There are 6 protein chains.
Amino acid sequence: MTDYPYPLLERPSMIWTKQTDKTTDLKVHEWIETVGDPFPNWHDYDVTILGVPLSKSSISTSAASDNPDAMRQAWKSFGTYNLDEDIDLATLKAIDLGNVKQHATDIAYTHQQIEQAMAAMRTHHPHTLPVVMGGDHSITAMLIKGWKQAHPEETVGILQLDTHFDLRDLNVFGPANGTPIRNLIESGTVEGKHVHNIGLHGFFNAKELKDYADETGVHYTTMKQARKKGVAHIIKQALEQLHNQVDTIYLTVDMDVLDIAHNPAAPAATPGGMYTEELFEAVQIAGEHPSVKAMDMVCLDPRKDIGGMAVKSAVHTMLSFLTGYCRH
Amino acid sequence: MTDYPYPLLERPSMIWTKQTDKTTDLKVHEWIETVGDPFPNWHDYDVTILGVPLSKSSISTSAASDNPDAMRQAWKSFGTYNLDEDIDLATLKAIDLGNVKQHATDIAYTHQQIEQAMAAMRTHHPHTLPVVMGGDHSITAMLIKGWKQAHPEETVGILQLDTHFDLRDLNVFGPANGTPIRNLIESGTVEGKHVHNIGLHGFFNAKELKDYADETGVHYTTMKQARKKGVAHIIKQALEQLHNQVDTIYLTVDMDVLDIAHNPAAPAATPGGMYTEELFEAVQIAGEHPSVKAMDMVCLDPRKDIGGMAVKSAVHTMLSFLTGYCRH
Amino acid sequence: MTDYPYPLLERPSMIWTKQTDKTTDLKVHEWIETVGDPFPNWHDYDVTILGVPLSKSSISTSAASDNPDAMRQAWKSFGTYNLDEDIDLATLKAIDLGNVKQHATDIAYTHQQIEQAMAAMRTHHPHTLPVVMGGDHSITAMLIKGWKQAHPEETVGILQLDTHFDLRDLNVFGPANGTPIRNLIESGTVEGKHVHNIGLHGFFNAKELKDYADETGVHYTTMKQARKKGVAHIIKQALEQLHNQVDTIYLTVDMDVLDIAHNPAAPAATPGGMYTEELFEAVQIAGEHPSVKAMDMVCLDPRKDIGGMAVKSAVHTMLSFLTGYCRH
Amino acid sequence: MTDYPYPLLERPSMIWTKQTDKTTDLKVHEWIETVGDPFPNWHDYDVTILGVPLSKSSISTSAASDNPDAMRQAWKSFGTYNLDEDIDLATLKAIDLGNVKQHATDIAYTHQQIEQAMAAMRTHHPHTLPVVMGGDHSITAMLIKGWKQAHPEETVGILQLDTHFDLRDLNVFGPANGTPIRNLIESGTVEGKHVHNIGLHGFFNAKELKDYADETGVHYTTMKQARKKGVAHIIKQALEQLHNQVDTIYLTVDMDVLDIAHNPAAPAATPGGMYTEELFEAVQIAGEHPSVKAMDMVCLDPRKDIGGMAVKSAVHTMLSFLTGYCRH
Amino acid sequence: MTDYPYPLLERPSMIWTKQTDKTTDLKVHEWIETVGDPFPNWHDYDVTILGVPLSKSSISTSAASDNPDAMRQAWKSFGTYNLDEDIDLATLKAIDLGNVKQHATDIAYTHQQIEQAMAAMRTHHPHTLPVVMGGDHSITAMLIKGWKQAHPEETVGILQLDTHFDLRDLNVFGPANGTPIRNLIESGTVEGKHVHNIGLHGFFNAKELKDYADETGVHYTTMKQARKKGVAHIIKQALEQLHNQVDTIYLTVDMDVLDIAHNPAAPAATPGGMYTEELFEAVQIAGEHPSVKAMDMVCLDPRKDIGGMAVKSAVHTMLSFLTGYCRH
Amino acid sequence: MTDYPYPLLERPSMIWTKQTDKTTDLKVHEWIETVGDPFPNWHDYDVTILGVPLSKSSISTSAASDNPDAMRQAWKSFGTYNLDEDIDLATLKAIDLGNVKQHATDIAYTHQQIEQAMAAMRTHHPHTLPVVMGGDHSITAMLIKGWKQAHPEETVGILQLDTHFDLRDLNVFGPANGTPIRNLIESGTVEGKHVHNIGLHGFFNAKELKDYADETGVHYTTMKQARKKGVAHIIKQALEQLHNQVDTIYLTVDMDVLDIAHNPAAPAATPGGMYTEELFEAVQIAGEHPSVKAMDMVCLDPRKDIGGMAVKSAVHTMLSFLTGYCRH
């Protein structure tokens, strides 16, 4: 265990400097530690944050690869104290493990590294909560496979916030950002009925994918339906159903679930999508749930961001999730 | 009839190439046909789409002239299947007729061409549904005059979604983007009481125009009022009233009705405006109504768009309207 | 009184030209007068508008100094008639006094000028309503101190719409944009219990500041709470409480209270914030209240604006407030 | 003469305020006067500046209509003193006449107004130097026709800096931005051999137009040729030839002659074009020449500008020309 | 040969519509044909244009994948007639073959397709001139390998215009955009001494790469040296040397050779780089040379373009090269 | 000396992480060390880099305060090896000292800190070369005063590359970005005749300032003159003159000396300015000169940058200067 997780990971390219003696007005970048010397004692940590800067696997060209570093740079604008809930995230001990190493031209190899990174995390410090900053949605398939490799006995369910099914044909695209859920179903990693997808949008999902979802039992709620019933209500319902069927719920947030006016940086975000206030409440509820044991945020391309609003929303999504987790 | 509508129209400057054997995951650009050889058999078509790239008639300089081609380019991002309603637009047969030819320096001549194009459409294939991509709002006056030319016996009413009355003085501006409704009333084409304008905003309509609306019986609901009662409710009410009074309801959507955060590309869009989710529901309801027989979308300047969100919203507006129409 | 307020002020760098004989379709820039010759007879005026182009006092670099002129340029897009309420602002007589003169390198001196400008306004024409276009939030401390200098006997309360407490430590920052409320409390100008802050956001306010607010009795409602109960309801409640305790309510609107999708130009605006429709209703309610006797708008950096939406929102905020004031 | 030129003109929408007692560090906006009361005594003035905000006549949609006001706003960044030549423009007396009034939908009418405005200027104060801020290139035909109307006996030649011939077919386009020189030749206003066009670029001029130029004797030098021989040298040569043949040389600068890296705001600017340093020297040489008696700058669309660089270049072009004129 | 090149290629997603009867003012998009029915008779064509939309192989994320379609869209702004040289490109017959098909997640497979596409072109119509629109620089290795596959007996030399050596270590990066020249040398496809690289820049090439270049005999001239001696001179010298040593000279233009002010869209472009006028002259000289038999343009990311200037420069580069080729 | 320079400085907010074992392809961010533990042994270092993030002292609002961190982030794109000169900067040992601490609202206090920081550097490790990343030009006065405090016996001369004289009136502006040279002259720190300013531009310097320059003996060469004689030649001449008169030459580069097309991020940059290739050569020549012992770069506002070109140019300027210094 001594050299874990160095073989697979590398430090983020820039790190925040800190004033170590600071006791008040703690900012997120001053709270989250980075891996350094001496080697971390994993038992001290509650949350492990991992960057996966891979977006070569996107069907349309994406710079979601820039997102982990963009989120890290935006940490500085956020405090650890959540006035809304009177909760201070600093009661959790969190560490930024850095990024999974990327190969310039071999996507399959990088995918293996991602899977191994999650497997190693689950093997060496299974009590910590993994929070993953993608990268595109292809990584979710690898991360959950890594989880299953470490916990082969566990049943895993997925709470997915997404504009799309992500059930496209693996034979055509390979392990791309349009196929992760199908990848997990076809590889037997997750059962279709243990997937709840919320926020789907008309005109962005082929009829064939709906048919596949119906055949494999994937649960789904369109954004229009979710808004009518209340996003919070739908999330709670999905969590309850999953809780009764699986050991672990994995939360995956495709940032394109947001309305394009709120998230211009997700190339596939649409008008009529979810608002940030709805998303933050949704992930906070998920974070509170005892079965939710990992989360990722994917498909945010910071190069398309406007005034930093999308990256801010991604950081806020992470912090809202952790706010919920503080209630455990 | 053999060469209709070529004398007035020209093909869009770029057309999407298609994989003709595609049977699944049909995209909008693969669904909508373009006029080519052999000559279309109009009886096969349900929907005829027309571009009107005129914005020289805008009071403030506008590049809404770029909108028809911008919308065509954005078709590729949309599928024909609407998951929200489980409706596939591909059950309709649609054809893109191209653009009304424009004169570089003679606006009046171009206006005549627009009127003739609609008249010809209504004469030669009156069973199809015209969907018009503007251009600025001056074109609505020409399009409805063309309709009346082909159907002189019909009473036409207007359901208008707009931030403005568009009742400014013809003597001052001529047939500009601020005058179409007044143009139609003063020319006796449409009666004031057969106009329902929804989404008007404070500070963007002179008192004189309100007085003119009151005198001529134009019905109007401000955005603030509409939001309090529910946009969908207001739309249904207006449709019902019009249905009892006119033969044909023409839907005109000035894209500046949207909140400026949702539509930065309409120069006159305002804060506090309509959200895209509200607009999409409104036009879908209109599309469902049997008396609504034509629609246009105007005043969207793609050069001011941010991340393509406004053009996406325009395409979604068209598709939501057609979703309603599928229910006929 | 003859030369007031020239020693402290200077004319805006550009002024709108007017067609003096215009009687219809009056635009805001044609309604608001500018100081010229002959010298204004203050008794004729209801509203005095003041620009304070200071943002050197911002903790993070800001060009909120550009805001007064940006707002003036945007006046042209607005009419004086508010269709929503059937109220014409032109029934009020308004004058733009220009800007408080700025020193290039001496912030303290400029702050004194700001304080003196408000004191002079209150001394020479106390019946007019001051509307101030900032600048950053540091100016609010100076403006209220100037008010108190002219009206030492009055108790002043603050209705603050803000993402932040603005209660940071004066010893560390001096009179910066993060400290005005604390400045007012510590200087004995305003009592903590007479401050109502609405729209605060989690992760952007340190725990220490909440503790300070609790200790000094500052009232606060987070955006999340306000949205659940209704922003309008919360505003009315705060006004009612203040009305019972103070002589004068000063309304200060930090434009960063808006959601970042609606206001990309406030560097500290966040996702999940207030929507413009909510803000406009809030300030209109405040404007209607007889105890609200001054207002400012601060912390909007036009260089970060997207398509002019934020500056438009600031002007709309001012006009909505004045709409309420017309009901007095 | 009393009410000239009011019937045709209107004041710019914004004007700079001035500190009238300023004697040092004079800025351009403080130097150029605006028409007000009392009525100007034309004999006092050397330079009359006219805005022509027309770009509806552009073949491709353009907002060159915004240019006159954009240039006026940029005046503030420039001083009157030219350190390069130790010349102070303030030794000239200059007045901004405002803009030729525009009709919203009748281009032909506006064109007549432009022609009349120049004719009136030449009739009422023929000793002043007209400097025109366009607008698109169609206005040059109207301005020179107006000149000829006032001075029917004069032979007029044209020194044109342009990427294009502007010799396209009037029958197809009407008086558009691609046809002004042909318009002048075909109407007999100017002879082809009295036109010298410098800065033309390959791939942007049809062979037919070169043939027309050759047939009508238009002189032309491509940018590539001009750079090899030196732009200044070519300009001097052209001026010398024109000087021997005509009474008056009219300088027209199509801002698209600039390299697109130096002028992103001219939609037709190309890579490989003229650099600003070359243009400034060229127009200064032209300004020095006694036969050059008027100039215009056209086809700059400020909405496409980047960081204000193009508008700054246009103002610098005007000031460089006037620097030359000071040497008269 | 009947179905060549369909198995490897696909049509561009959009194609320009044409007015087939047009005989004057031919635009580039009207001149270049597209593959359709009936099947092209290759003997009719002089130039075959190929798109290679691959940039997943870039070390830093790039959207150079968008470049082929961006260039096609920009064709419309260019005429076929080059006034500078009085040459009409339309004397050449050119066809756009479309794009090499891309796999979403298997870069190695796509690379094979690219190699095969060039091999097939050289086998089936070896008399045509291939012009390739990349994509990133990794494709150059594949294209030249494809060439060698079809012409194993030929010696191939490379004239490279580039800021970088592109000699990075294959073992670390694989066939990425930083390694193509090394790839060709190490695979024995091209000898180091047959590579002439012009335009290299300080601070962007490691000492190790210079050492490798020296060891393998690669010729190189920095931009600073080239400018001092004249870019045209250096190009002619390199062509002459290569002409004496190889059968075929392949021209590869990495668009990052341009100064960043002239090409903001090449992520690795630097200040102090080549100007467009220099590049256009350089490629025209290369096009004139009888040994230059193919060319590609790579590493232009249209998403970073400013006002279209970079894509325009790429098209101009292609047309300047073909202008030279017309002189054959 | 033990705690120097901590009392005045703070670490940059982000620092680059490094792979310490790297021996090839060294990037600038991997070469420049940061202050950490153990405490630096100053005798090991050749170059000390200091950030001065102050721009509150700018007359027009500027975010040049963001420049030091922006430059640090851009270091990653540059290698230490300069191929143009075959010089590796890594032969110098360089350390980034961090930033001078800033007060939020007290500019005078911050100015004192800057002066003290330079004085301390010169006292504690006078053999190192200070390279300062501003900030606005006001800091140059403080830095040179700090130098004189440490070396009261030395005569200091200034080589200034600037569009402006920076000789404006201290009584009006205080120690702002328009007054540093006058500040130095009036305080007796530097004699006017020991200032050589190169790159001045017409229309951006008042006649009064030229007169002041003439009276105080300041040497100046406009950009137009410099380009005619060659920038390199003028620089060498100035250095030679200064070398004969002073002990130390301080190089100050106001980045607005660059042409606005090359540097959109300097608000006062103009068209017709210096090109980057000229600037890089100029500073390299200065760096080579034995009397040049310190340099700063000022007035670059990264928020106005386009595609990072200006910040890249600033870093290249620093590296070109150090390339020259390597020749010492």
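What you are looking at is a predicted structure, and each value in this text was computed from that prediction instead of being measured. (Residues numbered from 1 in each chain as written. Chains lettered and ligands numbered in written order. Predicted model: local features only at pLDDT ≥ 70, side-chain atom pairs only at ≥ 80, totals over all residues. Heavy atoms only, no water.)

Looking at the relation of the copies chain C and chain D
So, step 1. Overlaying chain C with chain D gives an RMSD of 0.0 Å, the required rotation being 180° about an axis along which the chain moves by 0.0 Å. On this basis, the relationship between the two copies can be described by a two-fold rotation axis. Closest approach to the rotation axis within chain C is made by the C-alpha atom of I15 of chain C, at a distance of 2.7 Å.
So, step 2. A share of 100% of the interface residues of chain C reappears at the interface of chain D, consistent with the copies meeting face to face through the same patch. (Least-squares fit on C-alpha atoms with pLDDT ≥ 70 in both. Contact = heavy atoms within 4.5 Å.)

Quick look at the arrangement of the chains
So, step 1. No part of chain C reaches chain E; the closest C-alpha pair between them is 17 Å apart.
So, step 2. Considering only C-alpha positions, the minimal separation of the non-contacting chain B and chain F is 17 Å.

A few points about the interface of chain C and chain D
Where interface size is given, it is often the accessible area lost as the parts come together that is meant.
So, step 1. Residue-level contacts link 9 residues of chain C with 9 residues of chain D.
So, step 2. Counting each side, the surface lost to burial between chain C and chain D is near 1000 Å², with a carbon and sulfur contribution of 60%.
So, step 3. Our count for the contact surface shared by chain C and chain D stands at 0 salt bridges.
So, step 4. Counting across the interface, chain C meets chain D through 1 residue pair in polar contact (both at pLDDT 80 or more).
So, step 5. In terms of residues, the side of chain C that touches chain D owes the most to one element, strand 2 (residues 14–16) of chain C, which gives 3 residues.
So, step 6. Among the residues making up the side of chain C that touches chain D, the classes are represented as 4 nonpolar, 3 polar and 2 charged.
So, step 7. Alignment of strand 2 of chain C against strand 2 (residues 14–16) of chain D, held across 3 bridges, turns out to be antiparallel. Each residue of the ladder has a partner; that of M14 of chain C, found in strand 2 of chain D, is W16 of chain D. (Buried area = accessible area lost by both parts, 1.4 Å probe. Salt bridge = Lys/Arg side-chain N within 4 Å of Asp/Glu carboxyl O. Polar contact = N/O pair within 3.5 Å; in protein donor to acceptor, adjacent residues only side chain to side chain. Helix = DSSP H or I, 4+ residues; strand = E, 2+ residues; numbered from the N terminus. Nonpolar A, V, L, I, M, F, W, Y, C, P; charged D, E, K, R; others polar. Pairing = 2+ DSSP bridges.)

Regarding the packing of helix 3 (residues 107–124) of chain B against helix 4 (residues 138–150) of chain B
Residues and elements named next belong to chain B.
So, step 1. Helix 4 packs onto helix 3 with a crossing angle of 40° between their chain directions and a minimal axis gap of 7 Å. The angle between helix 3 and helix 4 falls in the class oblique. Regarding helix 3 and helix 4, the two cross each other, and that crossing is right-handed. Every residue of helix 4 that contacts helix 3 at H111, I114, E115, Q116, M118, A119, R122 and T123 is listed here: S138, I139, M142, L143, K145, G146, W147, Q149 and A150.
So, step 2. Counted by class, the contact of helix 3 with helix 4 contains 8 nonpolar, 6 polar and 3 charged residues. (Axes fitted to C-alpha atoms, helices over the stretch in contact; angles between N-to-C directions. Parallel < 35°, antiparallel > 145°, perpendicular 65-115°, else oblique. Left-handed = near helix turned anticlockwise from the far one by under 90°.)

So, the layout of surface pockets
So, step 1. The volume enclosed by the second largest pocket comes to roughly 870 Å³.
So, step 2. Looking at the second largest pocket, it is lined by 40 residues, and the ones nearest its centre are R227, Y275, E277 and E278 of chain B together with E277 of chain C.
So, step 3. Put simply, the parts of the chain that give the lining of the second largest pocket at least two residues each are helix 8 (223–229) of chain A, helix 8 (223–229), helix 9 (231–243), helix 10 (276–288) and helix 11 (309–326) of chain B together with helix 10 (276–288) and helix 11 (309–326) of chain C.
So, step 4. Residue composition of the lining of the second largest pocket, by class: 12 nonpolar, 13 polar and 15 charged. (1 Å grid on protein atoms, 1.4 Å probe; cavity = no way out; pocket = protein on both sides within 12 Å on 5 of 7 lines; lining within 4 Å. Points joined across faces, edges and corners; volume = space filled by probe spheres on them.)

Quick word on the interface of chain C and chain A
So, step 1. Counting residues at the interface gives 27 residues for chain C, matched by 31 residues for chain A.
So, step 2. Here chain C meets chain A over a buried area of about 2300 Å², counting both sides, of which 61% is carbon and sulfur.
So, step 3. Broken down residue by residue, the surface that chain C buries against chain A is led by F203, K224 and P271 of chain C, which jointly contribute 32%.
So, step 4. Connecting chain C to chain A are 3 salt bridges.
So, step 5. For R227 of chain C, the salt bridge goes to E277 of chain A, with nearest N and O atoms at 3.4 Å.
So, step 6. Every element with two or more residues in the side of chain C that touches chain A is listed here: helix 7 (207–216), strand 11 (219–222) and helix 8 (223–229) of chain C.
So, step 7. For the side of chain C that touches chain A, the per-class residue count stands at 14 nonpolar, 5 polar and 8 charged.

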